[in-house]
Amino acid sequence: MVPKEQKKKPATKKTDKTKEQIMSEPPYNMVAYLDPKGKVTKFKEITRWLRESRINEAITHQTPVYKTLVKEFWDSANVIEVDGREVIHGQVKQRNVDVFAEILNTVLQLNDNPEAPDSVPIMCQRGCLLCMKCTDDIFGGQMNKITLPMHHKFLLHILIQCLSNRRSGYDMASNVLIGLMVALILNKPFIISKYLFSNMKENLRRTGASGHKFWMYPRFLQIIMNVQHPDLPKEANDVLKWRHEETPRKFFGALGDKNYVAPTNDKWRHDES
């Protein structure tokens, strides 16, 4: 008996997303919900620490984001030099919008030291991750947040969803982002605004399948546009849909002591600890 030929099911498209969804990726550059009333007991300490940290404004500031304005900026953006500093220059509604590290520092209230580094030595990262009981390959190019204990995983989750460049996905973090996390925990100097600006410059060198630039950091861009041009025309039906980020061992470093003093040089802990 000849076996019946199986009819192949029509291939389903991997992507039925609109261009807006592809270019903006709503679960990205999100607003973190930090449980201000402390109702989620198991996350009470870490959310309190985040509310008091210097990234609080960057991860919690809410503002309506307008798709047309963000698209116009990225479609026209290019890097220029103004008074000896690099600027990402774009046009929105025929008005100039300039993005640079200093304005990111100002509008996001990051309190960056302009002389601070924008990376943390890998051995310092390694020591801090070992102290967190990380189970991933610490010397790999990326790290999965699932390999951290609950509270540190939550911290990295917030950094990925709110501050990363999204290129590593929603679970993976690059060494630079891990360095940012380590710097926050150990009170090490780290210039966050330069990290954000570098990601935006890198975005200009990439073009998606649609031929358009990915709408990187739409929330931060909208904050800058609101400052530089408060009277920009905006349409209520043009708002990018947004959502809050969800809240999902004893803390060390600045997580457990707001007066924590950073270890010297490239050390990840004090000699007596």
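Everything quoted here is computed from the prediction, not taken from an experiment.

Participant: Mind showing me how you'd approach the side chain of His152 here?
Facilitator: Examined against the element boundaries, His152 turns out to sit in helix α7 (residues 150-163). Leave out the neighbours within four places in its chain, and His152 touches Met132, Met181, Ile185, Phe252 and Leu255.

Participant: Even after reading the chapter, I still don't get the environment of Asp112, so can you show me in this structure?
Facilitator: Checked against the element boundaries, Asp112 lands in the loop between α5 (101-107) and α6 (122-131). Not counting the four nearest positions on each side in its chain, Asp112 is found in contact with Arg54, Asn105, Phe190, Ile191, Ile192 and Ser193. Within the structure, the side chain of Asp112 is placed 3.1 Å from the backbone nitrogen of Ile192, a separation counted as a polar contact. Polar contacts involving the side chain of Asp112 include one to the side chain of Ser193, which spans 2.7 Å.

Participant: Hey, could you run me through the pairing of strand β3 (residues 85-92) in this one?
Facilitator: Side-chain positions along a regular strand alternate between the two faces of the sheet. Looking at chain direction, strand β2 (residues 78-82) and β3 are connected through five bridges and run antiparallel. Considered in β3, the bridge of Val79 is made with Ile88. Here β2 folds back onto β3 in antiparallel fashion, the turn holding two residues, of which Asp83 has a positive phi close to 50°. Relative to strand β4 (residues 95-99), β3 is paired through five bridges, and the arrangement is antiparallel.

Participant: Looking at this structure, I do not really get the pattern of salt bridges. What am I missing?
Facilitator: Opposite charge on two side chains permits pairing when their charged atoms draw close. Tallying each qualifying case throughout the model produces eleven salt bridges. For Arg205, the salt bridge goes to Glu202, with nearest N and O atoms at 2.7 Å. Given a relative accessible area of 63%, Arg205 falls into the exposed group. With a relative accessible area of 27%, Glu202 lands in the partly exposed category.

Participant: Can you walk me through the layout of surface pockets in this structure?
Facilitator: One water molecule sets the probe size; rolling that probe over the atoms shows where empty space is left. Taken as a whole, the largest pocket encloses approximately 310 Å³ of empty space. Taken together, 20 residues line the largest pocket, and the ones lying closest to its centre are Ser53, Arg54, Leu184, Asn187 and Ala254. Elements with a contribution of two residues or more to the lining of the largest pocket: α2 (44-52) and α8 (175-186). The greatest single-element share of the lining of the largest pocket, amounting to three residues, is contributed by α2. For the lining of the largest pocket, the residue count by class is eight nonpolar, five polar and seven charged.

Rules of the game
Residues numbered from 1 in each chain as written. Predicted model: local features only at pLDDT ≥ 70, side-chain atom pairs only at ≥ 80, totals over all residues. Heavy atoms only, no water. Helix = DSSP H or I, 4+ residues; strand = E, 2+ residues; numbered from the N terminus. Contact = heavy atoms within 4.5 Å. Polar contact = N/O pair within 3.5 Å; in protein donor to acceptor, adjacent residues only side chain to side chain. Pairing = 2+ DSSP bridges. Salt bridge = Lys/Arg side-chain N within 4 Å of Asp/Glu carboxyl O. Buried < 20%, exposed > 50% of the residue type's maximum accessible area, 1.4 Å probe, protein only. 1 Å grid on protein atoms, 1.4 Å probe; cavity = no way out; pocket = protein on both sides within 12 Å on 5 of 7 lines; lining within 4 Å. Points joined across faces, edges and corners; volume = space filled by probe spheres on them. Nonpolar A, V, L, I, M, F, W, Y, C, P; charged D, E, K, R; others polar.

As far as function goes, none of this settles anything; it's purely spatial.
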